[in-house]
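Below are the chains, spelled out letter by letter.
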Amino acid sequence: MAHLIAWFETLGNVDVARVGGKNASLGEMVRTLAREGVRVPDGFATTADAYREHLAANALEPELRAQIAAWKAGEISLQQAGGAMRALLLEADLPPDLAAAITQAYGELRRRAGVEALAVAVRSSATAEDLPNASFAGQQETFLNVSGERALLDACRRCYASLFTDRALSYRDAMGFDHMSVALSIGVQRMVRSDLAGSGVMFSIDTETGFPRVAVISAAWGLGETVVQGTVDPDKYLVFKPLLADPGLAPIIEKSLGGKARKLVYARGGSARTALVDTSARERRAYVLSDEDILRLGRWAVIVERHYGRPMDMEWAKDGETGELFMVQARPETVQSGRPAAAFKTYRLKHKGPPLVTGAAVGQMIATGEACVIERAQDIARFRPGGVLVTRMTDPDWAPIMKQAAGIVTDHGGATSHAAIVSRELGVPAVVGTGDATHVLRDRQPITLSCAEGDQGFVYDGVLAFEETQVDLEGLPETRTQMMVNIASPAMALQWWRVPAKGVGLARMEFIISDIIKIHPMALLHPEKIEIGRTRQRIEELTIGHDDKIAYFVDTLAQGVAKIAAPFHPHPVIVRTSDFKSNEYAHLVGGAFFEPQEENPMLGLRGASRYYHDSYREAFALECAALRKARDVIGLANIIVMIPFCRTPEEADRVLAVMAEHGLERGRSGLQVYMMCEIPSNVILAEEFAKRFDGFSIGSNDLTQLVLGVDRDSGELAALFDERNEAVKRMIREAIAKAHAAGIKIGICGQAPSNYPDFAEFLVEEGIDSMSLNPDSFVATIRAVASAEARLGVAPIHRDDARLMAPRAARQKERRR
């Protein structure tokens, strides 16, 4: 019977033709990765030979071929042919030797587990003897919570019949495969009691951007089919893989709470083996995985990826009885890993209004078209090619029309749902997990789908204009000037990982506070000062899942900062502490209860002056805690802290003292602290400021405003606002010279070098150490800077970051030696 059954521990990747890719991969992990701590549930597989013997013993092949021929000839429909073929296989008894082999192996599996009524998962794994690398994922059936010999043999017959589902027939026909050359192996695997805990999907690469240094984990309560099928909106976790080797770090750079409204569990009574039930309010508010579990799965992703030598798509489950995690599937990721890194496209809406619905973005593109609202797979014939498919969720039955869609919008599902995975494969943008798109969007309504604004996807009313840009990174020149990028949004940081920037010259903390946290920190510290009403209700809504509201602020801010720092690690990432004006802080939820009414907020309580002021000092302590967590706990020690709008050296002393009081002591654990050089006093007293900071970053907007006395927001004075004005250039020239004389680094963050090539050449001539630009202007500007350096006879530097970060004066001193 050895040719009919194979135990997982005897299988490996070379056995795909024998037991299919799914079972071969399980065997490979059991056989080779158990010693590294990766747990895979025990089990066995029937072979392709067993399937062929089943056909032969029941003389099924001639009848199957006749049905296929009739379908191909147009005599019967696909549905009629599929139904007839499935009936043939369901009615056929398994050959006695095959049935005996399965029941005997099941008995051995029960003995190994020490459980008499052992529940197993019965999964189909299709393969083609002459096409061992063909993928048949999602085409056949899986049966969960199967217990007892009779139930197991029935599930095996159903697996064989599922080789001829309508979607499987359609797929093989589209791929040009001979239906009768495809065989089916059945995997019988011990069930993990994830119905009592949770399960999900994991990728060892970011599925949206292709960033290869993160593991992306989706998690929901109960059995994992809900995540794969997209019937729930799961939690999402992002782990930065390079830091996982250090057991003292917890490099989780994102934790997003999903709705998780339903879960699949074992059924009680009746013939059904599983049941879809509502989750409790507590489950919806809670994360499925602890940080310890997230990190363990992340480490498993690294191990599996290293073993296979390529990015991987995995499924995992947690046993609610034992608390143990298991890997239940692993297969190669085939979409992002196959795309070139040196060239990509970016998309940008030229204008937009309020979104109609939002969800998770899939595809980083923009699409327009008429909404085609279809709620049931039986109605897919109503789909209009070129429209935007709007539906509750998708499964393989929807694949034929998904190929014809300009975009896809679903009510349910996350980044690893069927709709998301197929959309990526097809190159079609999708917004998934909107919650209510099928009710909000009208059939034939013109809409615009935007997946080019970060992790969140938006659907807008009407057909909006957008621009598409091809970015080519081939042959970018080296420069002496350190070319960096400005990043405001954590969601956008991963999208620009391919750009060869030497770090982030400006990461704006206030954007994380306003766009993600949304709550004034003092409102979380002093809820007693918030009047009962809508504001308190909104705070509860935003902090759902976080009993500790202060921890919500610190953790969310720390992860946001870390998500910006990770794509550019180990290059320096300069994070500016919050620089809202009082009127901008007041717009945060609860902010109106804590902010003063100022006549001129631009010159009021902003920047450094807030950090030691009684009205904000406690809130600044939370900012410090978040930065400390991002550096010391998550492990992104490439983060540099930058203080904005610091008016005097004495103010600098006060801020640095407050930072040290909260664990951010300059020089400790390699911490560098920079200052925005954006006030005339920063230039005039640059020697004094240089004693207190490790570097300067010129803020050309505020510096121009204050040197020229021109309100930068005034439309009437716009013609006078010019960074190239000689007065401004003199201040910049003086700041660069004084910084270099003091031996510290100085850069500039702003768009002036991109907008004005002559200004970029001026900065190069003055010897500025770095320029930080918006990512979309990086390629053009680095070429302009290289040309300016060539004209000025400045040789590019081919050295590492530590060398590049040394200021010009230090380099000159070294040369003199």
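Residues numbered from 1 in each chain as written. Predicted model: local features only at pLDDT ≥ 70, side-chain atom pairs only at ≥ 80, totals over all residues. Heavy atoms only, no water.

**Details of the overall build of the protein chain**
So, point 1. When you go through the protein chain residue by residue, the secondary structure sums to 31 helices and 30 strands.
So, point 2. Taken over the C-alpha trace, the protein chain has a radius of gyration of 30 Å; the compact-globule value for 817 residues is 28 Å, and the two agree within 12%.
So, point 3. C-alpha atoms of the protein chain, sized along the principal axes, occupy 95 × 60 × 55 Å.
So, point 4. At a minimum sequence separation of 6, the contacts of the protein chain that also span at least 24 residues come to 70%.
So, point 5. For the protein chain, the centre of its 93 positive side-chain charges and the centre of its 105 negative side-chain charges are spaced 2 Å apart. (Helix = DSSP H or I, 4+ residues; strand = E, 2+ residues; numbered from the N terminus. Rg over C-alpha atoms; globule rule 2.2 N^0.38 Å. Contact = heavy atoms within 4.5 Å. Lys, Arg positive; Asp, Glu negative; His and termini not counted. Charge placed at Lys NZ, Arg CZ, Asp CG, Glu CD.)

**Things to note about the sheet that holds strand β9 (residues 252-256)**
So, point 1. As summarised here, the arrangement of the six strands in space is β9-β8-β7-β6-β12-β13, forming an open sheet in which the pairing is antiparallel. One side of each edge strand has no neighbouring strand; the edge strands of this open sheet are β9 and β13 (325-332). For this sheet the average axis-to-axis angle between neighbouring strands, irrespective of direction, equals 15 degrees.
So, point 2. As paired strands, strand β8 (residues 235-240) and β9 are joined by four bridges and run antiparallel to one another. (Pairing = 2+ DSSP bridges. Axes fitted to C-alpha atoms, helices over the stretch in contact; angles between N-to-C directions.)

**Thoughts on the nonpolar core**
As a rule of thumb, soluble globular proteins bury nonpolar side chains together.
So, point 1. Ile643, Met659 and Phe696 are the most contacted members of the largest nonpolar core, which has 111 residues in total.
So, point 2. Considering every element that reaches this core, the biggest residue donor is helix α18 (residues 549-565), with nine residues.
So, point 3. The residues contacting Ile643, other than those within four sequence positions of it, are Thr577, Ala608, Tyr611, Val655, Met659, Val673, Tyr674, Met675, Met676 and Phe693.
So, point 4. In this structure, Leu78, Leu152, Phe164 and Met180 belong to the second largest nonpolar core, which totals 50 residues. (Core = buried A, V, L, I, M, F, W, Y, C linked by side-chain atoms within 4.5 Å. Buried < 20%, exposed > 50% of the residue type's maximum accessible area, 1.4 Å probe, protein only.)

**Quick notes on the confidence of the model for the protein chain**
Where the model shows low pLDDT, its predicted coordinates should not be examined in detail.
So, point 1. Taken as a whole, the protein chain shows an average pLDDT of 91; of its residues, 95% reach a score of 70 or greater.
So, point 2. Every residue in residues 129-133 is under pLDDT 50, and counting partners more than four places away or in other chains gives seven contacts.
So, point 3. Every residue in residues 798-817 scores below 50 in pLDDT, and together they form 37 contacts with partners more than four places removed in sequence or on other chains. (pLDDT = per-residue confidence, 0-100.)

**Remarks on the pairing of β8**
So, point 1. Burial within β8 is extensive, with five of its six residues counted as buried.
So, point 2. Sheet topology places strand β7 (residues 214-221) next to β8; six bridges connect them, and they run antiparallel. When the bridges of β8 are listed, Ala219 appears paired with Asp235.

**As for helix α2 (residues 48-57)**
So, point 1. Residues of α2 that are buried: Ala48, Ala50, Tyr51, His54 and Leu55. Taken around the axis of α2, the buried residues stretch over an arc of 160 degrees, which confines them to a single face. Opposite the buried face of α2, by more than 90 degrees, sit the exposed residues Ala56 and Ala57.
So, point 2. Within two residues after α2, Ala59 carries a phi angle of roughly 50 degrees, on the positive side. (Arc of directions from axis to C-beta.)

**Some thoughts on the side chain of Glu766**
So, point 1. Structurally, the position occupied by Glu766 is in helix α28 (residues 757-766).
So, point 2. For Glu766, a relative accessible area of 19% gives the class buried.
So, point 3. Separated by 3.2 Å, the side chains of Glu766 and Arg733 make a polar contact. (Polar contact = N/O pair within 3.5 Å; in protein donor to acceptor, adjacent residues only side chain to side chain.)

**What to know about the environment of Leu603**
So, point 1. Within the element layout of this structure, Leu603 appears in the loop between α19 (582-586) and α20 (608-611).
So, point 2. Classification of Leu603 by relative accessible area gives partly exposed; the value is 45%.
So, point 3. For the pair Leu603 and Lys581, spaced 22 residues apart in the sequence, the C-alpha separation amounts to 8.5 Å.

**Quick look at helix α15 (residues 509-517)**
So, point 1. Along α15, the residues that are buried comprise Met509, Glu510, Ile512, Ile513 and Ile517. Angularly, the buried residues of α15 cover 160 degrees about the axis, an arc narrow enough to put them on a single face.
So, point 2. In this structure, the buried residues of α15 make contact with α14 (490-493), β24 (504-508), α17 (534-542), α18, β25 (573-576) and α21 (617-633).
So, point 3. With its phi angle positive at about 75 degrees, Lys518 sits one or two positions after the end of α15.

**Some details on the packing of aromatic side chains**
So, point 1. What the rule picks out here adds up to eleven aromatic pairs.
So, point 2. For the ring pair Phe211 and Trp497, a centre distance of 5.9 Å and an interplane angle of 50 degrees mean the geometry is tilted. Of this pair, Phe211 sits in the loop between β6 (198-203) and β7 while Trp497 sits in the loop between α14 and β24; the two residues are 286 residues apart in sequence, bridging distant segments of the chain.
So, point 3. With a centroid separation of 6.0 Å and an interplanar angle of 20 degrees, the aromatic rings of Phe458 and Tyr460 are classed as stacked. Across the pair, exposure class does not vary: Phe458 and Tyr460 are buried alike.
So, point 4. A cation over an aromatic ring shows up here: Arg606 above the ring of Phe645, its NZ or CZ 3.8 Å from the ring centre. (Phe/Tyr/Trp six-rings, centres within 6.5 Å; stacked < 30°, edge-to-face > 60°. Lys NZ or Arg CZ within 6 Å of the ring centre and 35° of its normal.)

**A look at the environment of Ile516**
So, point 1. Tracing the backbone through its elements, the reader meets Ile516 in helix α15.
So, point 2. Here Ile516 falls in the partly exposed class, since its relative accessible area comes to 37%.
So, point 3. Ignoring anything within four residues of it in the chain, the contact list for Ile516 reads Pro490, Phe511, Tyr552 and Thr556.

**Side note on the packing of helix α25 (residues 700-708) against helix α26 (residues 726-742)**
Packed helix pairs are specified by the crossing angle of their axes together with the interaxial distance, meaning the distance between the axes.
So, point 1. Where α25 meets α26, the closest approach of the two axes is 9 Å, and the angle between their N-to-C directions is 120 degrees. Regarding the angle of α25 to α26, the classification is oblique. In this structure, α25 crosses over α26, and the sense of that crossing is right-handed. Contact residues: Leu703, Thr704, Val707 and Leu708 in α25; Ala727, Val728, Met731 and Ile732 in α26.
So, point 2. The residue makeup of the contact of α25 with α26, split by class, is seven nonpolar, one polar and no charged. (Parallel < 35°, antiparallel > 145°, perpendicular 65-115°, else oblique. Left-handed = near helix turned anticlockwise from the far one by under 90°. Nonpolar A, V, L, I, M, F, W, Y, C, P; charged D, E, K, R; others polar.)

**Notes on the pattern of salt bridges**
So, point 1. Within the structure shown, the criterion is met by 58 salt bridges.
So, point 2. When the shortest N-O distance is used, the salt bridge between Arg331 and Asp313 registers 3.4 Å. Here Arg331 is found in strand β13, whereas its partner Asp313 is found in strand β12 (residues 312-318), with 18 residues between them in sequence.
So, point 3. Overall, the relative accessible area of 25% leaves Arg331 in the partly exposed class.
So, point 4. Among the ionic contacts, a cluster of salt bridges with common partners joins Glu9, Asp42, Glu108, Arg111 and Arg112. (Salt bridge = Lys/Arg side-chain N within 4 Å of Asp/Glu carboxyl O.)

**Overview of the pairing of strand β17 (residues 388-391)**
So, point 1. With burial as the criterion, each face of β17 is covered, one bearing Val388 and Val390 and the other bearing Leu389 and Thr391.
So, point 2. Where strand β16 (residues 366-373) lies against β17, three bridges are found, and the strand directions are parallel. Counted as the bridge partner of Cys372 is Leu389 from β17.

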